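Notes for the structure review
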Amino acid sequence: MVKTFLAQAFFIPSESMEDTLVKGDRVIVSKLTPGPFALHRGDVVVFSDPGHWLDETTPVRRGPVGTVVAGALTFVGLLPEHSEEHLIKRVVGLPGDHVVCTDAQGRVSVNGVGIDEGAYLKPGAAPCGEAFDVTVPADRLWVMGDNRDHSGDSRYHPDAPYGGFVPIELVTGRALAVVWPLGRTAWLGTPSDFDSVSGPSGVS
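Residues numbered from 1 in each chain as written. Predicted model: local features only at pLDDT ≥ 70, side-chain atom pairs only at ≥ 80, totals over all residues. Heavy atoms only, no water.

Cut-off, in case you're wondering: UniProt positions are given in the numbering used here, feature names are shortened, and annotations may be inferred rather than shown by experiment.
The name given to the chain in an unreviewed UniProt entry is Signal peptidase I, and the organism recorded there is Kineococcus halophytocola. Under Catalytic activity (unreviewed entry), UniProt gives the following word-for-word description of the chain: "Cleavage of hydrophobic, N-terminal signal or leader sequences from secreted and periplasmic proteins."

This is the structure in structure tokens:
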């Protein structure tokens, strides 16, 4: 019941969210957001592949014992179901937001407000990588990785289903904390970088 309605564990498979999350981290994801709790700009979310964002993967062969163990861990929520079909990124634009890159200072701007992104952007990473100018449709999100130079996010899928936007219905939940390895345990709060942004979004 906890896994179905409240929270679930996911692992980080790539470097796209460095330095906030590194490959091999395990995070706990709250399934109450979106839902009883609203999404906010800056939240880190896990979502199902909107279509052709991920490369095809070869199923993991664990053997009879490994399959039983993995099944038990998945059942109690310590391993994710269909983990190869999920991504984790940061919400930059909510429905109705006008997201542009770049402004005069080379930053992402949301509804005309330049975002410093100092709280999470990987040091040395370019904020954009390439110019874009989008308005987020209803019931969609614009997401980007913290390691912008190595993140296959909304910027790079204009020809995929939904045009690079993520349907809110595909969001599994908001990442709350890193829980493994123990030396990296940390709370994943919503950064204050977007506090000055206002605009048409009815979600925030």
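**Section: the sheet that holds strand β7 (residues 113–114)**
The following threshold applies: A pair of strands is considered paired only if DSSP assigns at least 2 bridges between the two. Only DSSP runs of H or I reaching four residues or more are called helices, and only runs of E reaching two or more are called strands; each is numbered from the N terminus.
What the 4 strands build is an open sheet, ordered β7-β6-β5-β8; its pairing is antiparallel. Lying at the two open borders of the sheet, with one neighbouring strand each, are β7 and β8 (132–135). Inspection of the sheet shows strand β5 (residues 98–101) paired to strand β6 (residues 108–110) by 3 bridges, in the antiparallel sense. Bridge pairing links C101 to V108 in β6.

**Structural notes on the pattern of salt bridges**
Keep this limit in mind: Take a side-chain nitrogen of Lys or Arg and a carboxyl oxygen of Asp or Glu: if they are within 4 Å of each other, that pair is a salt bridge. Buried residues are those whose accessible area, probed at 1.4 Å on protein chains only, stays under 20% of the maximum for their type, while exposed residues exceed 50% and partly exposed ones sit between those limits.
Under the criterion given, the structure shown has 8 salt bridges. Between K122 and D19 there is a salt bridge; the shortest N-O distance is 2.9 Å. Of this pair, K122 sits in the loop between β7 and β8 while D19 sits in the loop between β1 (7–11) and β2 (26–30); the two residues are 103 residues apart in sequence, bridging distant segments of the chain. You can call K122 partly exposed: its relative accessible area is 22%. For D19, a relative accessible area of 40% puts it in the partly exposed group. Notably, a salt bridge pairs R184 with D25, separated by 2.9 Å at the nearest N-O pair. Highlighted residues: R184 in the loop between β11 (171–180) and β12 (186–187) and D25 in the loop between β1 and β2, separated in sequence by 159 residues. The partly exposed category is assigned to R184, whose relative accessible area is 29%. One network of salt bridges, with partners in common, ties together E18, D19 and K122.

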